[in-house]
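Secondary and tertiary structure notes
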Amino acid sequence: MQAGQRGQAVIEFALVVPVVALLLFGGLYTTILISDDIKAGYAVRAGVRLGTELGGRQSNPTGSTAQIDSKIVSNVLAVMQSTTYAVVDEVDIYGVSSSDGTMQPGDLADTFNGTGHPLAVQTLPLELRLQSPPDETSLGVRLRWHYATPLVGFGSVSMSTYAVMRCAPITS
């Protein structure tokens with residue numbers, strides 16, 4: 001191999017390695033993002049399932065809204081601890097008013113930060129979480145989170161995941 005060809009090979013190698021490394025790490029971190037998104041979906045489903053099972057005033061005559069909501073939020077945050085690079089920004093427990101289940105402005109909601117502390121006055125008391133058929137309340141749990149990639153200069157991606165279920169019916 002001549003000196004000129006050896007120099008050309010070194011330059012080609014220097015050009016190809018960063019591109020291959022970027023593709024490799026990009027694929028890895030995209031896979032982790034998808035995994036964290038799946039775990040976030042599981043977290044909101046677990047939270048809304050617990051919320052609908054605990055129900056409202058009918059099944060918790062002596063419980064408080066703060067106690068029930070604390071259990072729901074703790075459940076969501078516990079599941080999110082298994083994520084890799086996801087950071088929880090907000091957990092919302094809301095009464096669903098839209099047909100697609102998304103949280104709308106003006107919906108009655110209890111909002112918590114990423115550590116489980118209330119961000120505002122609770123507006124969805126247990127009295128409004130109806131459990132008598134056919135008027136059961138549809139309860140939603142929304143998780144706002146962001147994916148903070150460890151790659152320098154790539155920033156973060158904000159995500160929102162929600163799940164909706166009807167409160168568990170109480171029949172006499």
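Structure first, text after, so check above.
We now turn to the structure provided with this report.

Attention shifts here to the side chain of Asp 107. Its location among the elements puts Asp 107 in the loop between strand 1 (86–95) and strand 2 (109–113). Buried and without a salt bridge, Asp 107 has Arg 142 as its closest oppositely charged side chain, separated by 8.5 Å. Side-chain polar atoms of Asp 107 contact the side chain of Ser 97, separated by 2.4 Å. Within the local environment of Asp 107, its side chain forms a polar contact with the backbone nitrogen of Gln 104, the two atoms lying 2.8 Å apart. Contact partners of Asp 107, with chain neighbours within four places excluded, come to Tyr 94, Gly 95, Ser 97 and Thr 102.

Counting 30 residues, the largest nonpolar core has Met 80, Val 91, Ile 93, Val 141, Leu 143 and Trp 145 as its most contacted members. When contributions to this core are tallied by element, the ones reaching two or more residues are helix 1 (3–54), helix 2 (65–80), strand 1 and strand 3 (138–148). Here the element with the most residues in this core is helix 1; it accounts for 9 residues. Those residues in contact with Ile 93 that lie beyond four places of it in its chain are Asp 69, Ile 72, Val 73, Leu 108, Ala 109, Asp 110, Phe 112, Leu 124, Arg 129, Leu 139, Gly 140 and Val 141.

A separate point is the sheet that holds strand 4 (residues 156–166). Whether parallel or antiparallel, the strands of a sheet pair through hydrogen bonds between backbone atoms. With respect to topology, 4 strands assemble into an open sheet ordered 2-1-3-4, the strand pairing being antiparallel. Since the sheet does not close on itself, it has two edges, and those belong to strand 2 and strand 4, each with one partner. When strand polarity is set aside, the average angle formed by the axes of neighbouring strands in this sheet is 15°. Where helix 2 meets the sheet, its contacts fall on strand 1, strand 2 and strand 3, and the angle it forms with strand 1 comes to roughly 145°.

Parameters and conventions
Per chain, residue numbering runs from 1 following the sequence as it is written. This being a predicted model, a pLDDT of at least 70 is required before a residue's local features are given, and a value of 80 or more before pairs of side-chain atoms are given or counted; all residues contribute to the totals for chains, interfaces and linings. Neither water nor hydrogens contribute to the side-chain values; these are computed over all heavy atoms in the structure. By the criteria applied, helices consist of DSSP H or I runs no shorter than four residues and strands consist of E runs no shorter than two, each listed in order from the N terminus. Burial status follows relative accessibility: with a 1.4 Å probe on protein chains alone, a residue under 20% of its type maximum counts as buried, one over 50% as exposed, and anything between as partly exposed. For the purpose of counting charges, residues Lys and Arg are taken to be positive, whereas Asp and Glu are taken to be negative. His and the chain ends are not included. One side-chain nitrogen of Lys or Arg within 4 Å of one carboxyl oxygen of Asp or Glu is enough to make a salt bridge. What qualifies as a polar contact is a pair of N or O atoms within 3.5 Å, subject to a donor-acceptor requirement within protein and to the restriction that residues adjacent in sequence count only when both atoms come from side chains. Throughout, a residue-residue contact means that at least one pair of heavy atoms, one from each residue, lies within 4.5 Å. Residues grouped as a nonpolar core are buried Ala, Val, Leu, Ile, Met, Phe, Trp, Tyr and Cys residues, joined through side-chain atoms within 4.5 Å. Strand pairing follows a simple DSSP-based rule, namely that at least 2 bridges must link the two strands. Every axis corresponds to a line fitted to the C-alpha atoms, with the helix fit spanning only the stretch in contact, and the corresponding angles, defined between N-to-C directions, vary from 0 to 180 degrees.

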